[in-house]
Amino acid sequence: MFEGLAEKLQNTFKKLRGKGKVSEADVAEAMREVRMALLAADVSLKVVKDFVARVKERAVGQEVLESLTPGQQVVKVVYEELVALMGGTSSKLTLSPKPPTVVMLVGLQGAGKTTTVSKLGLFLRKQGRRPLLAACDVYRPAAVKQLQVLGNQLDLPVFSMGTGISPVDIAKGAVEHAVAHGRDMVLLDTAGRLHINEELMEELKSIKSSVRPHEILLVVDAMTGQDAVNVAESFHGQLGLDGVILTKLDGDARGGAALSVKAVTGCPIKFAGMGEKPDALEQFHPDRMASRILG
Ligand code: GDP
């Protein structure tokens, strides 16, 4: 993950770190390299421009810390700005004061929704919660079965009503079932499509208005780079997202989506999928991610 970006930035900063004195030209050269590295990682041009401008401004009119060399100070500014770019602090799920908390996962087909619903169920159970998974994807062949199989493997209950019924009714049924059986979280696995279309959005809006989820999270494939960000913008505009789950960050994702989503949409990344296994879901921490990138 982020190998290309990390390697480039680390090379740039190796040169700077050792310097006792850093000239404006040194900063300009380093920023040119940072700009190239971010663009190659598929970060959007506007995000890159703003980022570089902020770093330059702070690095040149630098607050001087005696404990650091000027080179180290530039690196520190880049680190802090990377953390800020990804949202600053990590964002948790909002829990309803009155259980169950309803979390609706949305996204395009193949993004990793169904897998992520089960991963999130496992994650929440480890935190002492009692999640119920709900199979609301009545279109993709075998989606209901897939969720049932995953639920079985992890010993997590799955609410389903087959595929001959509207997803809105399944979502409502799931919430009622959770109330009746003392489940404090309901995770809705909704249908995706290959592309965003009106039918998909209308269905998601109907589910939203009928069960009023406390969290609507977009599951999006990090490998798709700027496309992931465009998808996020679109879903956010139509549905109002509370956060994003980036999947497949373990693959050769170049990092663009992780770095741009918050800046472009304003939605925080809440979780990151790091593999196909059920326990490969991590809470997203901007500071840890920035440290990984800068080494
Ligand atoms: P859905 O159509 O959005 O419900 O997508 P699925 O949950 O069926 O996932 C599509 C594929 O992506 C499956 O093969 C998953 O195993 C895989 N997948 C999901 N999340 C991750 C992840 O974080 N890393 C990797 N490497 N694969 C993932």
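The rules behind each value
- Residues numbered from 1 in each chain as written.
- Predicted model: local features only at pLDDT ≥ 70, side-chain atom pairs only at ≥ 80, totals over all residues.
- Heavy atoms only, no water.
- UniProt positions renumbered as here; feature names shortened; annotations may be inferred.
- Helix = DSSP H or I, 4+ residues; strand = E, 2+ residues; numbered from the N terminus.
- Rg over C-alpha atoms; globule rule 2.2 N^0.38 Å.
- Buried < 20%, exposed > 50% of the residue type's maximum accessible area, 1.4 Å probe, protein only.
- Contact = heavy atoms within 4.5 Å.
- Areas by Shrake-Rupley, 256 points an atom, 1.4 Å probe, with all protein chains shown as cover.
- Lys, Arg positive; Asp, Glu negative; His and termini not counted.
- Charge placed at Lys NZ, Arg CZ, Asp CG, Glu CD.
- Pairing = 2+ DSSP bridges.
- Polar contact = N/O pair within 3.5 Å; in protein donor to acceptor, adjacent residues only side chain to side chain.
- Expected span 1.5 Å × (residues − 1).
- Right-handed = clockwise from strand over helix to strand, strands pointing away.
- Phe/Tyr/Trp six-rings, centres within 6.5 Å; stacked < 30°, edge-to-face > 60°.
- Lys NZ or Arg CZ within 6 Å of the ring centre and 35° of its normal.

As named in an unreviewed UniProt entry, the protein is Signal recognition particle protein, taken from Heliomicrobium undosum. Heading Subunit (unreviewed entry) of the UniProt record for the protein holds this comment: "Part of the signal recognition particle protein translocation system, which is composed of SRP and FtsY." The UniProt entry for the protein carries the following comment under Catalytic activity (unreviewed entry): "GTP + H2O = GDP + phosphate + H(+)".

*Asks:* Looking at this model, I keep getting lost on the overall build of the protein. Mind explaining?
*Replies:* Along its length, the protein carries eleven helices and eight strands. Against the 2.2 N^0.38 benchmark of 19 Å for 295 residues, the protein shows a C-alpha radius of gyration of 21 Å, consistent with a compact globule. Within the protein, the fraction of its 295 residues that count as buried is 52%. Sequence separation of at least 24 residues holds for 76% of the intrachain contacts in the protein that already meet a minimum separation of 6. Total accessible area computed for the protein in this model is approximately 13,200 Å², and 51% of it derives from carbon and sulfur atoms. For the protein, the centre of its 37 positive side-chain charges and the centre of its 34 negative side-chain charges are spaced 3 Å apart.

*Asks:* Explanation requested: the sheet that holds strand S8 (residues 281-283) in the structure shown.
*Replies:* Think of a sheet as strands paired side by side through backbone hydrogen bonds, with each pair either parallel or antiparallel. Strand order across the open sheet formed by eight strands is S3-S2-S4-S1-S5-S6-S7-S8, with mixed pairing between neighbours. Each edge of the open sheet is held by one strand with a lone partner, namely strand S3 (158-159) and S8. The pairing of strand S2 (residues 131-135) with S3 spans two bridges and is classified as parallel. The residue bridging Ala134 from the neighbouring strand is Phe159, located in S3.

*Asks:* Before we go on, may I ask you to explain the pairing of strand S4 (residues 185-189) in this structure?
*Replies:* Look at any regular strand and the pattern is simple: side chains alternate between the two faces of the sheet. Counting buried positions over the five residues of S4 gives five, a clear majority of the element. Residue alternation in S4 divides its side chains into two sets, Met185, Leu187 and Asp189 and Val186 and Leu188, and both sets are buried. With five bridges joining them, strand S1 (residues 101-106) and S4 adopt parallel strand pairing. Residue pairing for S4: Leu105 is matched across the bridge by Asp189. Bridge analysis of S2 against S4 gives five bridges, and the strand direction is parallel. Each bridged residue has a counterpart across the sheet, and for Ala135 the counterpart in S4 is Asp189.

*Asks:* Before we go on, may I ask you to explain the side chain of His285 in this structure?
*Replies:* Looking at the secondary structure, you find His285 in the loop between S8 and helix H11 (286-294). A distance of 3.3 Å separates polar atoms of two side chains, one belonging to His285 and the other to Ser90.

*Asks:* Just checking my understanding: could you explain helix H2 (residues 24-40) for this structure?
*Replies:* Note: α-helices contain 3.6 residues per turn, so residues at a spacing of three or four share the same orientation. Along its 17 residues, H2 runs 24 Å from first to last C-alpha, staying within 8% of the 24 Å computed at 1.5 Å per residue. Close packing links the buried residues of H2 with helix H1 (3-17), helix H3 (45-60), helix H4 (70-85) and helix H10 (256-265).

*Asks:* I tried to follow the pairing of strand S7 (residues 269-273) on my own but got confused; where do I start?
*Replies:* The buried count for S7 comes to five of five residues, which makes it a mostly enclosed element. Relative to S7, strand S6 (residues 243-247) runs parallel, the two being bridged by three bridges. By the bridge assignment, Ile245 is partnered in S7 with Phe271. You can see the chain leave S6, run along H10 and come back into S7, and the turn it takes is right-handed. One ladder, built from three bridges, connects S7 with S8; its direction is antiparallel. Bridging across to S8, Phe271 finds its partner in Gln283.

*Asks:* Hey, could you run me through unusual backbone geometry in this one?
*Replies:* For residues other than glycine, phi is negative in most cases, and the peptide bonds are mostly trans. Here the bond from Pro99 into Pro100 is cis, since omega is 5°, no more than 30 degrees from zero. One can find Pro100 in the loop between H4 and S1. In this structure, Arg212 is a non-glycine residue whose phi angle is positive, near 45°. You can see Arg212 is positioned in the loop between helix H8 (198-211) and strand S5 (215-221).

*Asks:* Help me out: how do you make sense of the packing of aromatic side chains in this one?
*Replies:* Ring pairs (aromatic) are described by centroid distance and by the angle formed between their planes. One pass over the full model with this rule turns up one aromatic pair. Between Phe123 and Phe271 the ring centres are 5.1 Å apart and the planes differ by 80°, which places this aromatic pair in the edge-to-face class. Of this pair, Phe123 sits in helix H5 (residues 113-126) while Phe271 sits in strand S7, placing them 148 residues apart in sequence. For Phe123, a relative accessible area of 17% translates into the label buried. For Phe271, a relative accessible area of 3% gives the class buried. Geometry around Tyr139 places Arg193 over its ring, the cationic atom sitting 4.8 Å from the centre.

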